[in-house]
Amino acid sequence: MMKILIIGMGYVGTTTGVVFAKQGHEVTGLDIDESKITSLRKGKLYFHEPGLQEMLLDQLKNGRLQFTSDPKSAIENHDLLFITVGTPSLDNGKADLTFVKSAAEMIARYKNKEKIIIVKSTVPIGTTDKVEQWIQQPANDSSSIHTAMNPEFLREGSALYDALHPNRIVIGSESTAAIEQLKELYQPFSCPLLVTNTKAAEMIKYASNAFLATKISFINEVAKLCDEVNVQITDVAKGIGMDHRIGPDFLQAGLGYGGSCFPKDVKEFTETAQSLGVPLTILEDVEKVNQSLPKYFINRVKEVYPSLKGKKVTVFGLSFKPHTDDIRESVAYPIMDQLLEEEASVIAHDPVVNLSTDWLKRGVTQCWDPYVAVKNSDLILITTNWPHYKDLNWARVRELVNHPYLFDGRNMLDADRMKGLTFLYRGIGYS
Ligand code: UGA
């Protein structure tokens, strides 16, 4: 059993904490945001993540998990600390290290003995070394620290499953003490474990996300070509994915990638490479392709509706992906922007996301019942591949709409079935 402090109760920190507690460790979650701590203490997960709520309650009940907003006693009483704070994008595309730096400074302020500090946040190459300096330089206490970079690969929407069943563990460190501690911590997981240096671990995280984003933009660009030559991208993806060197995952064409990771990590990686004089040109295009997709989709709509003025448009899906209420970089929003600009009347549905008052004020109507949302609709746009949309009674939807125009931005429905129901059905590279 280890005593672990996790600094930063975002979805990575919270999930990691719950999973370590489940493994039998004594875990404390620290965050300076009182509202998060108050909520978590009550056993209330403040974001939507399947299965996590129940496990959070279990671990609170058995006393292995606790939360605090008091950094002094938390830092003084722990020798093994994880940093899991956010690293959002700055306007120039670089990662904002403000939260990482303040976590390090907080550790420096209250450090009273030897500590092992594990950086789990996604941080640019060289940051873990900086964290060590930020802690060591001003620290009142001269006892040594051991740092490691231990990137996290869990996905939102399946965070708990991914954290319980990682496909690999990467430990980057120059410290034997930190490496040994992490090896022991991860010993119960039966997946490959790679030990490397900190910079390589930092780069593995960015290169992984950048590669996955590249797969998505690649398939989306091929999808556009499919539209020209009347080939189904789903068949192409299936055919190429059968080659085990390519693999079937992350070849789902559609409106592209969003969320809190791929967009920001692709930008940061590109910026770092650029500033080092070794441009990652391929990634510049990956981002361009991704950004082109909402417009491409709307242009397809324009082929049937040259003007959207006064048209009733139902938008299915607000979150950036299914099974989460995270709307960061969700493609639904630029699409709704465009629809409002065109003076369409917009009705949005999502199983979990609450539309903000800003959007309500701008005239978008939120509707929790998908069948009410499609009533008298002139156009349905699917922006998130929630399984709910697959499970709808589409024959009933067909009867409810005003015009049977169905644009599936996630290629998630069966085109032939929809056409059989007399929908005019269009996906991306798929129809
Ligand atoms: C991603 C990575 O998959 C995780 O391994 C990583 O830990 C995480 O970023 C992170 O850095 O924290 P996440 O952003 O939660 O996870 O979600 P993904 O399932 O990767 O989806 C990202 C975006 O790509 C979504 O908008 C999704 O709709 C899109 N996508 C995914 C596609 O358009 N096509 C696909 O085939 C797959």
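Residues numbered from 1 in each chain as written. Predicted model: local features only at pLDDT ≥ 70, side-chain atom pairs only at ≥ 80, totals over all residues. Heavy atoms only, no water.

Quick notes on the site of the ligand
And step 1. If you check the shell around the ligand, you find 21 residues, and the closest are F153, L154, E156, K205 and K321.
And step 2. In this structure, Y11 approaches the ligand through a side-chain N or O atom, which is 3.2 Å from an oxygen atom.
And step 3. Within the contact set of the ligand, an oxygen atom lies 3.2 Å away from a backbone nitrogen or oxygen of F320.
And step 4. Contributing elements (two or more residues each) for the shell around the ligand: α9 (198-229) and α11 (262-275).
And step 5. At 3 residues, the largest contribution of residues to the shell around the ligand is made by α9.
And step 6. Here the shell around the ligand spans two domains, and each of domain 1 (3-196) and domain 2 (197-431) adds at least three residues to it. (Near = heavy atom within 4 Å. Polar contact = N/O pair within 3.5 Å; in protein donor to acceptor, adjacent residues only side chain to side chain. Helix = DSSP H or I, 4+ residues; strand = E, 2+ residues; numbered from the N terminus. Domains from an automatic or database assignment.)

Details of the pairing of strand β4 (residues 80-83)
And step 1. Residues L80 and F82 point to one face of β4 and L81 and I83 to the other, with burial holding for every one of them.
And step 2. Here 4 bridges tie strand β1 (residues 3-7) to β4, and the two strands are oriented parallel to one another. Within β4, the residue paired with L5 across the bridge is L81.
And step 3. Judged from the 4 bridges that link them, β4 and strand β5 (residues 115-119) form a sheet pairing that is parallel. Across the sheet, residue F82 finds its bridge partner in β5, namely I118.
And step 4. As a crossover connection, the stretch from β4 through helix α5 (residues 98-110) into β5 is right-handed. (Buried < 20%, exposed > 50% of the residue type's maximum accessible area, 1.4 Å probe, protein only. Pairing = 2+ DSSP bridges. Right-handed = clockwise from strand over helix to strand, strands pointing away.)

Observations concerning helix α2 (residues 34-41)
And step 1. Those residues of α2 lying buried are I37, S39 and L40. All buried residues of α2 project into a common sector of 165° when viewed along the axis, lining one side.
And step 2. On its buried face, α2 is in contact with α1 (11-22), β2 (26-30), α3 (52-61) and β3 (65-68).
And step 3. Looking at the residues trailing α2, positive phi occurs at G43, about 85°. (Arc of directions from axis to C-beta. Contact = heavy atoms within 4.5 Å.)

Digging into the pattern of salt bridges
And step 1. Going through the model one piece at a time under the given rule, you end up with 16 salt bridges.
And step 2. The shortest N-O distance in the salt bridge between D337 and R362 comes to 2.7 Å. Taken together, the residues span a long stretch of sequence, with D337 in helix α13 (residues 332-341) and R362 in the loop between α14 (357-361) and β11 (365-366) at a distance of 25 residues.
And step 3. In the salt-bridge network here, residues are joined through shared partners; they are E156, D326 and R328. (Salt bridge = Lys/Arg side-chain N within 4 Å of Asp/Glu carboxyl O.)

Some remarks on the pairing of β2
Two faces, one strand: in a regular strand the side chains alternate between the faces of the sheet.
And step 1. Taken across its 5 residues, β2 has 4 buried, putting it largely inside the fold.
And step 2. Strand direction decides the pairing type here: β1 and β2, joined by 5 bridges, are parallel. Of the residues in β2, the one forming a bridge with I7 is L30.
And step 3. Each parallel crossover has a hand, and the one from β1 via α1 to β2 is right-handed.
And step 4. Bridging between β2 and β3 involves 4 bridges; their strand directions are parallel.

Topic: the sheet that holds strand β9 (residues 312-316)
The strands making up a sheet are joined through hydrogen bonds of the backbone, oriented either antiparallel or parallel.
And step 1. Sheet architecture is open: 6 strands sit in the order β11-β10-β9-β12-β13-β14, paired in parallel fashion. Two strands in the sheet have a free side with no partner beyond their single neighbour: β11 and β14 (424-426).
And step 2. Against the sheet, α13 contacts β9, β10 (345-349) and β12 (379-382), and its axis sits at roughly 155° relative to β10. (Axes fitted to C-alpha atoms, helices over the stretch in contact; angles between N-to-C directions.)

Focus: the layout of surface pockets
Which parts of space are left empty comes out when a probe the size of a water molecule is rolled across the atoms.
And step 1. Reported here for the second largest pocket is a volume of approximately 1100 Å³.
And step 2. As for the second largest pocket, its lining consists of 43 residues, and the residues nearest its centre are G10, V85, G86, T87 and R328.
And step 3. Among the secondary structure elements, those contributing two or more residues to the lining of the second largest pocket are α1, α5 and α11.
And step 4. In terms of residue count, the dominant contributor to the lining of the second largest pocket is α5 (4 residues).
And step 5. Looking at the lining of the second largest pocket residue by residue, the classes come out as 16 nonpolar, 13 polar and 14 charged.
And step 6. Looking at which domains feed residues into the lining of the second largest pocket, each of domain 1 (3-196) and domain 2 (197-431) gives three or more. (1 Å grid on protein atoms, 1.4 Å probe; cavity = no way out; pocket = protein on both sides within 12 Å on 5 of 7 lines; lining within 4 Å. Points joined across faces, edges and corners; volume = space filled by probe spheres on them. Nonpolar A, V, L, I, M, F, W, Y, C, P; charged D, E, K, R; others polar.)

Description of the domain arrangement of the protein chain
And step 1. Taken domain by domain, the protein chain comprises domain 1 (3-196) and domain 2 (197-431).
And step 2. Averaged C-alpha coordinates put domain 1 and domain 2 at centres separated by 32 Å.
And step 3. Counting residues at the interface gives 33 residues for domain 1 and 30 residues for domain 2.
And step 4. Taking both partners together, domain 1 and domain 2 bury about 2600 Å²; carbon and sulfur atoms supply 56% of that area.
And step 5. Area buried by domain 1 at its contact with domain 2 is led by H48, I125 and E156, which between them contribute 26% of it.
And step 6. On inspection of domain 1 and its partner domain 2, the count reaches 2 salt bridges.
And step 7. Residues K94 and E268 are paired through a salt bridge, measuring 3.8 Å at the closest nitrogen-oxygen approach.
And step 8. One can count 14 residue pairs in polar contact (both at pLDDT 80 or more) joining domain 1 with domain 2.
And step 9. Put simply, the parts of the chain that give the side of domain 1 that touches domain 2 at least two residues each are α6 (127-136), β7 (169-173) and β8 (193-196).
And step 10. Among the residues forming the side of domain 1 that touches domain 2, the class breakdown is 13 nonpolar, 13 polar and 7 charged. (Buried area = accessible area lost by both parts, 1.4 Å probe.)

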